[in-house]
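# A look at the structure
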2 protein chains.
Amino acid sequence: MTQERKKQMKIVLQMVSGYGGEFRSWRLPEAKADAYTDMDLYVEMAQLAEKGKIHALFMADTPALTNHLETESPMHSMDPLIAMTAVARATKRIGLVGTFSTTFNEAYNLARHLKTLDVISHGRVGWNAVTTSTSAAAANFGQHLASRQERYGRAHEFIEAVQGLWRSWGEGVYLHDKETGQFADMGQIRPIHYQGTYIQTSGPLPIPPSEQGQPPIFQAGPSPDGIHLAGRFASGVYANPFTIEEAKAYRQMLRAEAEKNGRQADEINVFTGFMFTIADSKEEALARRRQLLEFDQDELAQRLAYLGAMVGLNFQGIDPYQPLPQSWLQLARANPGDPRSPRALEVLKEGYSPIDTLAHGVINYHPVVVGTATDVADFLQEWFEAGASDGFSIVPDLAHDGIKAFVEQVVPLLQDRGLFHQDYEGQTLREHLDLPYQYGRQE
Amino acid sequence: MTQERKKQMKIVLQMVSGYGGEFRSWRLPEAKADAYTDMDLYVEMAQLAEKGKIHALFMADTPALTNHLETESPMHSMDPLIAMTAVARATKRIGLVGTFSTTFNEAYNLARHLKTLDVISHGRVGWNAVTTSTSAAAANFGQHLASRQERYGRAHEFIEAVQGLWRSWGEGVYLHDKETGQFADMGQIRPIHYQGTYIQTSGPLPIPPSEQGQPPIFQAGPSPDGIHLAGRFASGVYANPFTIEEAKAYRQMLRAEAEKNGRQADEINVFTGFMFTIADSKEEALARRRQLLEFDQDELAQRLAYLGAMVGLNFQGIDPYQPLPQSWLQLARANPGDPRSPRALEVLKEGYSPIDTLAHGVINYHPVVVGTATDVADFLQEWFEAGASDGFSIVPDLAHDGIKAFVEQVVPLLQDRGLFHQDYEGQTLREHLDLPYQYGRQE
Ligand SMILES: Cc1cc2nc3c(=O)[nH]c(=O)nc-3n(C[C@H](O)[C@H](O)[C@H](O)COP(=O)(O)O)c2cc1C
Ligand SMILES: Cc1cc2nc3c(=O)[nH]c(=O)nc-3n(C[C@H](O)[C@H](O)[C@H](O)COP(=O)(O)O)c2cc1C
């Protein structure tokens, strides 16, 4: 059973603020331009993902304005907690993983929000616990950004306190027995009196367990402090490697860190982020991405210059829509300062123009697959079978349209290849992800 | 128009934690014993209230365990924000007023939650801004309860900062114009750099206005500080007077305070809390309340003793199911220390036994009407026409069943008497309550 499951990849979907991972995809003819404020659309997309048996939705977050909205759509949803609640009420099986900062929340309030959401979703919630390294966020809370050491110090305490509060209502004591008149066993609903350096909270939090006990913890942040936090607490880690080798090394490091903290290596699932544009042919997919690039000519010019620098060439004055001459390509060298450079050079050498090379997504935040559903399935299979990742965090270029393509075209291919489950494993997120039951603090 | 509206009462409904205002009503045969964790039921009740054109739901809250769950159901819902979101998605017109503490929240986080909820509910949210005077809540945040002066100092700043953040995204600048490529006018999305003694926050908060601009503020708390806060900011005030005279005086004081702060008296709506048990006859309603009392014999004994003290008699050894002899009643005196005493004495003198007097709700937190739908409608009419209140905050003994009785039986009576609207005035909470448009800080 466990053996068989191990062979299948887990997939979580990022909808970003409702438009997908490309911040100008809101301008595409297929896009709903006001998706940011349209919760109906958000819920519809979640339902579509659930039809495709996607394990969970994932919502990144930073409590600040983090990109320039003059031409770009926002990086984050209006409010992940509210989006998750809306989705929880309109779906039955899909997991809901939200990002909530340990630096810019109160432990009691967050423990309460997440546990309530876990109860009303019948055990489908996960918490991506991040320390937030954005100064604009700190300013929204009247703070200067604390040092990494302090933020991680607080993060450990914060998670301990939240898990402690979750356990402060004992298991099996929500009796509501009309005959005896006992509503709950108060002997098992007790303060925790958590006294840390950064966090103090008494409890109890008066909420009974959900069907999965409590939400599993996710983590994102590749610093040594981040890896230590993951090793102690995380059931899932969001990663952004650019190559299979990098991914394998990162995954091994996380597994070792779990063991160092007295856990099983398999208790950590790594989800590698990747983006995609799916069309009926690769040329069609590239055309869509060219359109996205052309929406902003200034930024396009900057990206071209950057691409030149990545491969040691000066693109000034060239026609970026023409492939580079052989003589240039022979002079080109991948810049060791950017892990994405070898891939950029490879694409140029395949004979793609600089514009089309950019359209391949070579300087995006994650690896990008631009092509047919088969190309996407092949990519996932290669990474998965190489042991690079336990699963993927998928980011469509444009959310609605991209989810539909993935669910209708890629998922069946992966299922046919035996790489993806035919149905949800159970009712809760822990069941879907084959995570051990947990209620209370990770010791 | 305004004239006509003024003549009609506004009604908000308190569902408490899903069982209603009597903490042992969960044991009644009509009750769903696990209503606390049953969001489906909560939503169903909200929909029922909406059918009855109830202006808004109201959720009280304290971030702590505030009553003893051994035999009582909780005083508050698991999480008002999540309950409001679930209801928002399943209703179209009813307002949603939640209580959120200015002492135990971060201004940026709360501004974000409430504005998002206002956007996705299409302008139906209100915020009951309370300072929270419970030490158990302070302990959940690693604090000792601050002095009233400090809590109110922070409350003023907190509301200013939240309203400032709400306005930090200008009106009319959510453009998402595919032709020009402008998503938003960043010239009108600006930091506020709020610098108070208690609250500092930069912003901007990247969320456009809702259909009502921003949520109206409600307030509860009768201290002079509370009244001052209401005068400055509140569009609605929750009050708990026990007599019409008391209510009138309180309402006048609030109206005067609004004017002192440069606002119109009519901008404050007072909602008087009252509880009810509705049955086909008064005797049947009393029987239900006797049953509630009898669920806990120890507490019943205490309440009887307290009732005795309220009227200057010693009830030890009496048969509480028998009316008091005339000779006793002649000796009885209302205790001036408790404003509910005259009413208790009145009921005893009507010939009701001590148990039945308690069943009248004479020592509840609000006035209680126990009887038929007509009794309830008469009570509301009397208070409303006396100028005691602009509206009512109604608390059924048992939520589901009580809402049904109110909506099906009391609402039509009030409508026939011209005292209650036939339909919602508009789409937003501000429209329902005839409140002026507002976006940004109250100056
Ligand atoms: C794939 C990935 C996703 C992340 N998502 C978020 C996020 O949604 N919100 C956030 O505040 N930080 C996010 N982070 C940032 C990390 O929390 C962390 O702050 C950042 O990577 C700096 O690393 P460090 O804090 O471990 O030094 C993410 C990081 C990675 C690698
Ligand atoms: C009708 C009414 C409802 C109230 N509801 C709440 C509530 O839900 N949560 C809360 O913390 N306080 C609530 N309060 C308490 C007030 O916020 C306040 O803390 C308390 O009345 C003490 O008054 P003061 O703070 O003005 O001195 C309520 C008060 C009244 C009169």
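All of these numbers come straight from a predicted model, not from anything done at the bench. (Residues numbered from 1 in each chain as written. Chains lettered and ligands numbered in written order. Predicted model: local features only at pLDDT ≥ 70, side-chain atom pairs only at ≥ 80, totals over all residues. Heavy atoms only, no water.)

## Looking at the overall build of chain A
Helices and strands together make up the secondary structure of chain A, namely 16 helices and 13 strands. Whereas a compact globule of 443 residues would reach a radius of gyration of roughly 22 Å, chain A reaches 23 Å, a difference of no more than 12%. Taken along the three principal axes of its C-alpha coordinates, chain A extends 85 × 50 × 40 Å. Of the contacts made within chain A by residues no fewer than 6 positions apart, 78% connect residues no fewer than 24 positions apart. Counting every atom, chain A has about 16,300 Å² of accessible surface; 48% of that belongs to carbon and sulfur. Charged side chains of chain A number 40 positive and 55 negative; the gap between the two group centres comes to 4 Å. (Helix = DSSP H or I, 4+ residues; strand = E, 2+ residues; numbered from the N terminus. Rg over C-alpha atoms; globule rule 2.2 N^0.38 Å. Contact = heavy atoms within 4.5 Å. Areas by Shrake-Rupley, 256 points an atom, 1.4 Å probe, with all protein chains shown as cover. Lys, Arg positive; Asp, Glu negative; His and termini not counted. Charge placed at Lys NZ, Arg CZ, Asp CG, Glu CD.)

## With respect to the pattern of salt bridges
Under the defined criterion, the tally for this structure stands at 50 salt bridges over all chains. Its salt-bridge partner being K404 of chain A, residue E408 of chain A comes within 3.1 Å of it at the nearest N-O pair. Separated by 4 residues within a single helix, E408 of chain A and K404 of chain A lie in helix α15 (residues 399–416), roughly one turn from each other. Note on K404 of chain A: relative accessible area 35%, which makes it partly exposed. Note that E160 of chain B is salt-bridged to R232 of chain B, the shortest N-O span being 2.7 Å. Of this pair, E160 of chain B sits in helix α6 (residues 148–167) while R232 of chain B sits in helix α7 (residues 224–233), and the two are 72 residues apart along the sequence. The network of salt bridges with shared partners includes R24, E72, D296, E299 and R303 of chain A. (Salt bridge = Lys/Arg side-chain N within 4 Å of Asp/Glu carboxyl O. Buried < 20%, exposed > 50% of the residue type's maximum accessible area, 1.4 Å probe, protein only.)

## Let's talk about the pairing of strand β12 (residues 368–371) of chain B
All names here are of chain B. Neither face of β12 is exposed, since V368 and V370 on one face and V369 and G371 on the opposite face are all buried. As defined by bridge partners, strand β11 (residues 269–278) adjoins β12 across 4 bridges and the pair is classed as parallel. Counted as the bridge partner of I278 is G371 from β12. (Pairing = 2+ DSSP bridges.)

## Focus on the site of ligand 1
Residues and elements named next belong to chain A. Surrounding ligand 1, one finds 17 residues, the nearest of these being D61, R148, Y152, A220 and S223. Contact between ligand 1 and D61: a nitrogen atom at 2.6 Å from a main-chain N or O atom of the residue. In the model, an oxygen atom of ligand 1 is placed 2.6 Å from a nitrogen or oxygen of the Y152 side chain. When ligand 1 is considered free in solution it has 600 Å² of accessible area, and contact with the protein chains removes 84% of it. (Near = heavy atom within 4 Å. Polar contact = N/O pair within 3.5 Å; in protein donor to acceptor, adjacent residues only side chain to side chain.)

## Considerations on the packing of helix α4 (residues 107–120) of chain A against helix α3 (residues 80–90) of chain B
Orientation of α4 of chain A relative to α3 of chain B, taken along the N-to-C sense of each, is 40°, at an axis distance of 9 Å. Here α4 of chain A lies oblique to α3 of chain B, going by the angle between them. Together, R112, H113, T116, L117 and I120 of chain A of α4 of chain A and P80, L81 and I82 of chain B of α3 of chain B make up the contact between the two elements. Looking at side-chain class alone, the contact of α4 of chain A with α3 of chain B contains 5 nonpolar, 2 polar and 1 charged residues. (Axes fitted to C-alpha atoms, helices over the stretch in contact; angles between N-to-C directions. Parallel < 35°, antiparallel > 145°, perpendicular 65-115°, else oblique. Nonpolar A, V, L, I, M, F, W, Y, C, P; charged D, E, K, R; others polar.)

## Observations regarding the site of ligand 2
Residues and elements named next belong to chain B. Not every one of the 17 residues close to ligand 2 is listed here, only the nearest: D61, R148, Y152, A220 and S223. Between ligand 2 and the protein, one listed contact pairs an oxygen atom with a side-chain N or O atom of R148 at 2.6 Å. One nitrogen or oxygen atom from the side chain of S223 is found 2.6 Å from an oxygen atom belonging to ligand 2. Here the shell around ligand 2 is built from residues that sort into 7 nonpolar, 8 polar and 2 charged.

## Here's the deal with the side chain of T103 of chain A
Residue and element names in this part refer to chain A. Mapping T103 onto the fold places it in the loop between β3 (95–101) and α4. In terms of polar contacts, T103 uses its side chain to reach the backbone carbonyl oxygen of T131, at 2.5 Å. Each residue touching T103, except ones within four places of it in the same chain, is listed here: V130, T131, R151 and R154.

## Quick word on the interface of chain B and chain A
In this assembly, 73 residues from chain B lie in contact with 73 residues from chain A. Note on chain B versus chain A: buried area summed over both sides is about 6,000 Å², and carbon and sulfur give 58% of it. Contact with chain A buries area across many residues of chain B, yet R112, K178 and F183 of chain B alone supply 12% of it, more than any other trio. Its salt-bridge partner being D40 of chain B, residue R89 of chain A comes within 2.9 Å of it at the nearest N-O pair. One can count 48 residue pairs in polar contact (both at pLDDT 80 or more) joining chain B with chain A. By residue number, the principal contributor to the side of chain B that touches chain A is helix α4 (residues 107–120) of chain B, which donates 8 residues. In terms of residue class, the side of chain B that touches chain A is built from 37 nonpolar, 22 polar and 14 charged. (Buried area = accessible area lost by both parts, 1.4 Å probe.)

## So, the UniProt feature "binding site: FMN" (unreviewed entry) in chain A
In this numbering, the UniProt entry assigns the feature "binding site: FMN" (unreviewed entry) to D61, T99, Y152 and S223 of chain A. Looking at the secondary structure, you find D61 of chain A in the loop between β2 (56–59) and α3 (80–90). In this structure D61 of chain A touches H76, S77, P80 and T99 of chain A together with R112 of chain B, once residues within four positions along its chain are discounted. Reaching out from D61 of chain A, the side chain makes a polar contact with the side chain of R112 of chain B at a distance of 2.7 Å. Position of S223 of chain A among the secondary structure elements: in the loop between β9 (217–220) and α7 (224–233). The class of S223 of chain A is buried, set by a relative accessible area of 12%. (UniProt positions renumbered as here; feature names shortened; annotations may be inferred.)

## Side note on the relation of the copies chain B and chain A
For the pair chain B and chain A, the relating rotation is 180°, the translation along its axis is 0.0 Å, and the fit reaches an RMSD of 0.0 Å. The two molecules are tied by a two-fold rotation axis, judged by turn and shift. Of the interface residues in chain B, 100% have counterparts in chain A that sit at the interface too, so the contact is made through matching surfaces. (Least-squares fit on C-alpha atoms with pLDDT ≥ 70 in both.)

## Overview of the packing of aromatic side chains
Residue and element names in this part refer to chain A. On inspection of all chains with the given rule, the structure shows 34 aromatic pairs over all chains. Summarising the aromatic geometry, the rings of F104 and F141 are spaced 4.9 Å apart at their centres and angled 20° between planes, so their arrangement reads as stacked. Taken together, the residues span a long stretch of sequence, with F104 in the loop between β3 and α4 and F141 in the loop between α5 (135–140) and α6 (148–167) at a distance of 37 residues. What makes F104 buried here is its relative accessible area of 1%. The exposure class assigned to F141 is buried, which follows from its relative accessible area of 8%. Ring centres 6.2 Å apart and planes at 40° place the aromatic pair F218 and F271 in the tilted group. Here F271 lies in strand β11 (residues 269–278) and F218 lies in strand β9, a separation of 53 residues in the sequence. Taken as a pair, F218 and F271 share a single burial class, namely buried. (Phe/Tyr/Trp six-rings, centres within 6.5 Å; stacked < 30°, edge-to-face > 60°.)

## Describing helix α2 (residues 39–51) of chain B
For the α-helix, the turn length of 3.6 residues means that residues three or four positions removed from each other point alike. For α2 of chain B, spanning 13 residues, the distance from its first C-alpha to its last is 18 Å, which sits close to the expected 18 Å at 1.5 Å a residue. All of the buried residues in α2 of chain B are M39, L41, Y42, V43, M45, A46, L48, A49 and E50 of chain B. Those residues of α2 of chain B that are buried are in contact with α3 and α4 of chain A together with β1 (10–14), β2 (56–59), α3 and α15 (399–416) of chain B. One side-chain oxygen at the N-terminal end of α2 of chain B lies 3.1 Å from the backbone nitrogen of D40 of chain B; it belongs to D38 of chain B. K53 of chain B sits one or two positions beyond α2 of chain B and adopts a positive phi of about 60°. (Expected span 1.5 Å × (residues − 1).)

## A few points about the domain arrangement of chain A
Residues and elements named next belong to chain A. Entries for chain A in the domain assignment read domain 1 (10–279 + 372–432) and domain 2 (282–359). A straight line from the C-alpha centre of domain 1 to that of domain 2 covers 34 Å. Taken together, the contact between domain 1 and domain 2 spans 17 residues of the former and 12 residues of the latter. Buried area between domain 1 and domain 2, both sides added, is near 1,400 Å², and the carbon and sulfur share of it is 55%. Between D401 and R288 there is a salt bridge, with its nearest N and O atoms 2.7 Å apart. Seen at the junction of domain 1 and domain 2, the total is 7 residue pairs in polar contact (both at pLDDT 80 or more). (Domains from an automatic or database assignment.)

## Observations concerning the UniProt feature "domain: Luciferase-like" (unreviewed entry) in chain A
With numbering matched to this structure, UniProt assigns "domain: Luciferase-like" (unreviewed entry) to residues 38–388 of chain A. Segment residues 38–388 of chain A splits into 43% helix and 15% strand. End C-alpha atoms: 36 Å apart.

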